[in-house]
Structures are given as structure tokens and as C-alpha cells.
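Observations on the model geometry
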Amino acid sequence: MWALYTQSLRVVFGIGRSFWAKAATFGILVIASLPAIIQLGVAAISPEDINVTTPEDYYGLIQPLLAIFCAIVAPDLVGRDQRNRTLSLYFSRALRREDYAIAKYAALVTAMLSITLVPQLLMFTGNASAATDVPDYISDNWQDLPAIVGSALLLSCLFGGIGIAIAAQTSRRAYSTVAIVAVFVLGTGIASAVFEAAGVGTGKYALLLSPLHVVQGFTYWFFNVAPPIEDNRQLVEANFHGIVYAIDAAIVAIGCLLLVIRRYRRIAV
């Protein structure tokens, strides 16, 4: 499992492959890190406590990039083995089918953490550097660190689970890429439309089916911040407790992993 996990990470980041295999992954990583990089730059040239963006709003800025990342990486991670008919080689060894599914899922979650957790930690470092008294800043804001880790891990598990559950269903990269993008984009659009059409009483439950709404909901809960009304009107009107979004995300992530395991138990090799 460890060998498959590390080899899968090499596939994700294009290690040992062509330049173009690396370009998409590292390009998205750099773009997603821009707010953190800018924050570090501001901290280096200004002693004032200036925030380019807040930790709880960061994922809202990069959610489209996260969806694109999943749509690019997940089909390559699991579809390649189906296209090349190498699954029979994996399963002829001591590696069980469940082990294969879990290792691939763990690799994708780890890759997702590179664009969710790492930039957030860079931003925290930049904010601390910009403070006039670094120890006081850390003492006053240390509680952001568990929130950063928790929200990044849950987001990565949710997006990674959705991406790999879809990608595992077909060897056709184009099909799975379009399907993953559609789930994130259409899921959000349909949930918002149902909310507006059905009203708050019934329509609010549609938000629990939208990955982007769910991520916003549990992120604000992790950071113990109320969603700003002007940017998150539907979340405010739905008035779910943040833990509802967190539980929903965990259930979906676990459900997606179980779907992947079921897929590989039944797949013909």
C-alpha cells in the first residue's frame, strides 16, 4: 500500500514524467498560493497588520481551482491503470482491491492538502511576520492552526472523495473530467436554484448537496466566524449550525470511499 501510495503521488505531481505532466499540477498550486505569497510579501515590506484575505475566506477564493485540480488529477490517478490494463498486475500480488482503492484515495487527499493546507500555513506565517509582536500574535491567534488543519483535511477528503469516486467509474479521461466539473459546477447552481425556488424552509436542504456550499459552511464553523451576509446570503438564511455541514462532508467523503472500494471489488481485470 505504501509503495502504491508514493507511486500515486509521483503520478499526481508528474515526478519522473514530462514537463507537461508537471505543469498543470504545479501551475494550479502556484495560483492557489498567490494570496499566501502576496501576504508574505506584504509582511516583508510593511510592519502593519494587513490581511490580503482572511483564513476563513481563503477557500472561497480557490474553490474553482480545487474543482479543476480534482478534474485533472483524479482521472489520471485511477483511469490510467484501467486504460493500460495494469490492474491485474496489482491484484496478482498481496495487494487487495480494498488496499488499492484506499491508497489511491489517500494519495489524492494528500495532493489536495498541498493546495489547501500549505498555502493556509504560509498565510498564517505571513500574518505573524507582519505583526509588530510575533509571540503576541501567535498567542492571540494560535486557535487558527487547528481550524486551518481541520478545515483543510475535511475539504481535501470531500473533494478528493468526489473526484476519485467519479474517475474510478470509467477509463475515459475526458468523460470523468467533464463529470467531475459538472458535479461541482452544476451541483452548486442547482442547489442555489432550488433554494430560491422552494424557499428557505425546504430549499435549504438542497445546500447540503452542493459541495461548495458545504465547504463554506463548515469552514466558517471551524474558524468560529459568522458568514458575511453580503457574500453568503443563502448560508445565512439556511441557518444550519456549522457542524451540520461538517457531518455532511464527512458522510459524503466516507460514502465516496466506500463507492470506490465497491467499484474495485467488482471491476473485471
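Everything numeric in this text was worked out from a predicted model, so none of it was measured.

Turning our attention to the environment of Ala152. Counting through the fold element by element, Ala152 comes out in helix α7 (residues 144-167). Taking the C-alpha atoms as reference points, Ala152 and Thr202, 50 residues apart in sequence, are found 29 Å from one another. When neighbours within four sequence positions are excluded, Ala152 is seen to be in contact with Tyr59, Leu113, Thr116 and Leu117.

What follows is about unusual backbone geometry. We note that Arg85 has phi near 55°; this positive angle belongs to a residue other than glycine. Topologically, Arg85 is positioned in the loop between α3 (55-83) and α4 (87-91).

The end-to-end C-alpha distance of helix α10 (residues 211-222), which contains twelve residues, comes to 16 Å, matching closely the 16 Å that a straight helix rising 1.5 Å per residue would cover. Of all the twelve residues making up α10, nine are buried; the element is thus mostly covered by neighbouring parts of the structure. Every buried residue of α10 is listed here: Pro211, Leu212, His213, Val214, Val215, Gly217, Phe218, Thr219 and Tyr220. Against the buried residues of α10 lie α3, α7, α8 (173-198), α11 (233-238) and α12 (242-266).

Two numbers describe how α7 lies on α12: the axes approach to 8 Å, and their chain directions differ by 35°. Pair α7 / α12 crosses with left-handed handedness. Of α12, the residues touching α7 (which contributes Leu154, Cys157, Leu158, Gly161, Ile162, Ile164 and Ala165) are Ala246, Ala249, Ala250, Val252, Ala253, Cys256 and Val260. Class assignment for the residues of the contact of α7 with α12 results in 13 nonpolar, one polar and no charged.

Our focus in this paragraph is the nonpolar core. The biggest cluster of nonpolar side chains holds 80 residues, and the ones touching the most others in it are Phe159, Phe218 and Tyr264. Looking at which element gives the most residues to this core, the answer is helix α5 (residues 97-130), with 15 residues. Apart from residues no more than four positions distant in its own chain, Phe218 is found in contact with Ser151, Leu154, Leu155, Leu158, Gly242, Tyr245, Ala246 and Ala249.

About the thresholds
- Residues numbered from 1 in each chain as written.
- Predicted model: local features only at pLDDT ≥ 70, side-chain atom pairs only at ≥ 80, totals over all residues.
- Heavy atoms only, no water.
- Helix = DSSP H or I, 4+ residues; strand = E, 2+ residues; numbered from the N terminus.
- Contact = heavy atoms within 4.5 Å.
- Expected span 1.5 Å × (residues − 1).
- Buried < 20%, exposed > 50% of the residue type's maximum accessible area, 1.4 Å probe, protein only.
- Axes fitted to C-alpha atoms, helices over the stretch in contact; angles between N-to-C directions.
- Left-handed = near helix turned anticlockwise from the far one by under 90°.
- Nonpolar A, V, L, I, M, F, W, Y, C, P; charged D, E, K, R; others polar.
- Core = buried A, V, L, I, M, F, W, Y, C linked by side-chain atoms within 4.5 Å.

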